[in-house]
Amino acid sequence: MSSQNLVTVTPDKDNDEIAIVTMQRPPVNSLNLELLQALSKTLDELSTSDFRAMVLTSASPTVFSAGLDIMEMYKPDLKRAEQFWSTLQDVWLKLFESNLITAAAINGHAPAGGCLLAMSCEYRAMVSGKYSIGLNETALGIVAPRWFMDCMLNTISQREAEIALTTGKLFSVEEALKVGLIDETAKDKEDAINKCLGFIEKFESIPPLPRSMTKQKFRANGVQWLKANKQADIDEFVHFLKFPQVQQSLEMYIHMLKSKQNKSE
Ligand SMILES: CCCCCCCCCCCC/C=C/CC(=O)SCCNC(=O)CCNC(=O)[C@H](O)C(C)(C)COP(=O)(O)OP(=O)(O)OC[C@H]1O[C@@H](n2cnc3c(N)ncnc32)[C@H](O)[C@@H]1OP(=O)(O)O
């Protein structure tokens, strides 16, 4: 699939000022460099378009996004790894600070980087079912970057966030609702999108500029550190990929994911 098709943007059928942004990198929307570049380009285009709101969702029936593509971190080409991390930083900053009203229709699992994308939006509706969402990095033997943590702190309480991050917790849909990691549950993807549209409707009579400036002021503390430390953060990521124990943890995790599949065949 060409990178142009990795993300699609379609106007909502009843309101052409709302963009439905769909990630479609089968099977699980894992965020590789190309998907991140497509998201980054989409966010640039949306920022200069007539759209005033967006709903982020996925074309997969069971996965919103499986997070970062592990293969970008396992035995990586270090130049590509730098570009990968820098693009992830850009996507996060563009989405977290977007002038648009942003909502996530989480139609399946959203671990790690998938949870980051959802938390970067202003509102989350998640389809009920045996899905999970959270920042599970420590369970993989890796450490969520500080700005992932800041993003979680913009969503749930410091205490819940610290326990969730240190334990690598993946929340069930019900647990996520209880701590406020998601705002509402939905019966299916269409219902999740409708709930996002309901959230967006709240701003019907609010002028866009004061709205987005207020949002950005609220979010300024969360982005401050990354903006001041972009290169140091990339260097740390690349340095961290060189640790043998990190590569070993990733290798074990990849085997675990593959053997899980073999068992169910
Ligand atoms: C110690 C020193 C510290 C110094 C600190 C420095 C700080 C540096 C910062 C580093 C931080 C890095 C941050 C990372 C964030 C991330 O996002 S890591 C990714 C985490 N993601 C996951 O854990 C999810 C893994 N996937 C799953 O759990 C499941 O796939 C699913 C629940 C999402 C879906 O399940 P199911 O529908 O049953 O599909 P599967 O059969 O499992 O998968 C299908 C297919 O996709 C492959 N796959 C799944 N996830 C990924 C992925 N994330 N990346 C790449 N590939 C993935 C899976 O292997 C299957 O492949 P095959 O069909 O077998 O080929």
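The following paragraphs examine the structure supplied in this document. For every chain, the first residue of the written sequence is number 1, and numbering continues from 1 onward in sequence order. Predicted model: local features are reported for residues with pLDDT of at least 70 only, side-chain atom pairs are reported and counted for 80 or more only, and whole-chain, interface and lining totals are derived from all residues.

Turning next to the overall build of the protein. The numbering of helices and of strands both runs from the N terminus, where a helix is a DSSP run of H or I of at least 4 residues and a strand a run of E of at least 2. What the protein contains, in helices and strands, is 10 helices and nine strands. With C-alpha atoms as the basis for the radius of gyration, the globule rule is written as 2.2 Å multiplied by the number of residues raised to the power 0.38. Relative to the compact-globule value of 18 Å for 265 residues, the protein shows a C-alpha radius of gyration of 18 Å, a close match. When the backbone C-alpha atoms are referred to their principal axes, the protein occupies close to 55 × 45 × 40 Å. Residue burial is a threshold on neighbouring C-beta atoms within 10 Å of the residue's own C-beta, all placed from the backbone, with 20 or more meaning buried, 12 or fewer meaning exposed, and counts in between meaning partly exposed. In the protein, which comprises 265 residues, the proportion classed as buried is 43%. Distance between backbone-placed C-beta atoms decides contact: two residues are in contact if it is within 7 Å. Pairs at least 24 apart in sequence give 76% of the contacts found in the protein among residues at least 6 apart.

Here we take up the pairing of strand β6 (residues 123–127). In terms of burial, β6 is largely enclosed, as five of its five residues are buried. With burial as the criterion, each face of β6 is covered, one bearing Tyr123, Ala125 and Val127 and the other bearing Arg124 and Met126. Bridge analysis of strand β4 (residues 101–106) against β6 gives four bridges, and the strand direction is parallel. By the bridge assignment, Ala103 is partnered in β6 with Tyr123. For two strands to be treated as a pair, DSSP must find at least two bridges joining them.

Moving on: the nonpolar core. By convention the nonpolar core is taken to be a set of buried residues drawn from Ala, Val, Leu, Ile, Met, Phe, Trp, Tyr and Cys and joined through C-beta atoms within 7 Å. In terms of nonpolar packing, the biggest core is built from 75 residues, with Ala103, Ile106, Ala118, Met126, Ile133 and Cys196 touching the most fellow members. Ranked by the residues each element gives to this core, the list is headed by helix α2 (residues 78–96), at eight residues.

Attention now moves to the site of the ligand. In the vicinity of the ligand, 28 residues are found, and the nearest of them are Ala66, Gly67, Leu68, Ala112 and Gly113. For the shell around the ligand, the secondary-structure elements that each account for two or more residues are α9 (230–241) and α10 (244–264). Looking at which element gives the most residues to the shell around the ligand, the answer is α10, with four residues. Three classes are used, and their members are as follows: Ala, Val, Leu, Ile, Met, Phe, Trp, Tyr, Cys and Pro are nonpolar, Asp, Glu, Lys and Arg are charged, and the others, Gly among them, are polar. Across the shell around the ligand, the residue classes tally to 16 nonpolar, seven polar and five charged. Only the C-beta atom matters for nearness: placed from the backbone, it must lie within 6 Å of the molecule or strand for the residue to count as near.

Spatial ordering of the open sheet is given by β1-β2-β3-β4-β6-β9, a layout of six strands whose pairing is mixed. Strands with a single pairing partner mark the edges of an open sheet, and in this sheet they are β1 (7–11) and β9 (184–186). Averaged over all pairs of adjacent strands, the angle between strand axes in this sheet comes to 25°, irrespective of strand direction. In the sheet, β6 pairs with β9 via three bridges, with the strands oriented parallel. Within the sheet, the bridge partner assigned to Ala125 lies in β9 and is Glu184. Note on geometry: axes are C-alpha line fits, over the in-contact stretch for helices, and angles between N-to-C directions span 0 to 180 degrees.

So, to be careful, I would describe these as geometric facts and stop short of saying anything about function.
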